[in-house]
Amino acid sequence: VALGVSIGAYVLWYWLLKYIETTRIAVYQNFQPVIATAATFFLLGEKIGWPFIIGGSIVLIGVIITRR
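Just so it is clear, the structure is predicted and the values come from calculations on it, not from any experiment.

## As for the overall build of the protein
Looking only at helices and strands, the protein has four helices and zero strands in total. What you see in the protein, going N to C, is helices and strands ordered as α-α-α-α. Judged by the C-alpha coordinates and their principal axes, the protein covers about 35 × 25 × 10 Å. Per-residue burial for the protein yields a buried fraction of 18% across its 68 residues. Contacts in the protein between residues far apart in sequence, at least 24 positions, make up 58% of those at least 6 positions apart. Of the accessible surface of the protein, which amounts to about 5,300 Å², a share of 71% is contributed by carbon and sulfur atoms.

Here's what the structure looks like:
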């Protein structure tokens, strides 16, 4: 799952470079671990604990703050 998400993230990165400036795309790169963990939850049935929820929330808050 991690390999698939990493490859998908880089393919998406290079595709988006045609349309959006690099600094705006870089902020969203922080979603990669959150998406990988969510994918393991749905695809492999992994349990998500409080450390993930807290860390994911911090990432989301950071992206929101950066976007403003």
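## A short note on the side chain of threonine 40
Note that threonine 40 resides in helix α3 (residues 32–44). Within the structure, the side chain of threonine 40 is placed 2.7 Å from the backbone oxygen of threonine 37, a separation counted as a polar contact. Beyond its immediate sequence surroundings of up to four residues, threonine 40 is in contact with Val1, Gly45 and Glu46.

## A few points about α3
Helix length check: α3, at 13 residues, gives a terminal C-alpha distance of 17 Å against a target of 18 Å (1.5 Å per residue), a fit within 8%. For α3, every residue scored as buried is listed here: Gln32, Val34, Ala36, Ala39 and Thr40.

## As for a nonpolar patch on the surface
On the surface, a nonpolar cluster with roughly 1,100 Å² of combined accessible area is contributed by Val1, Phe41, Phe42, Leu43, Leu44, Ile48, Trp50, Ile53, Ile54 and Ile58. Elements with a minimum of two residues in the nonpolar patch: α3 and α4 (50–67). Tracing the backbone through its elements, the reader meets phenylalanine 41 in helix α3.

Cut-off values and rules
Residues numbered from 1 in each chain as written. Predicted model: local features only at pLDDT ≥ 70, side-chain atom pairs only at ≥ 80, totals over all residues. Heavy atoms only, no water. Helix = DSSP H or I, 4+ residues; strand = E, 2+ residues; numbered from the N terminus. Buried < 20%, exposed > 50% of the residue type's maximum accessible area, 1.4 Å probe, protein only. Contact = heavy atoms within 4.5 Å. Areas by Shrake-Rupley, 256 points an atom, 1.4 Å probe, with all protein chains shown as cover. Polar contact = N/O pair within 3.5 Å; in protein donor to acceptor, adjacent residues only side chain to side chain. Expected span 1.5 Å × (residues − 1). Patch = residues over 30% accessible without salt bridge, like charges linked within 9 Å, V, L, I, M, F, W, Y side chains within 5 Å. Salt bridge = Lys/Arg side-chain N within 4 Å of Asp/Glu carboxyl O.

Geometric values such as these leave the question of function open.
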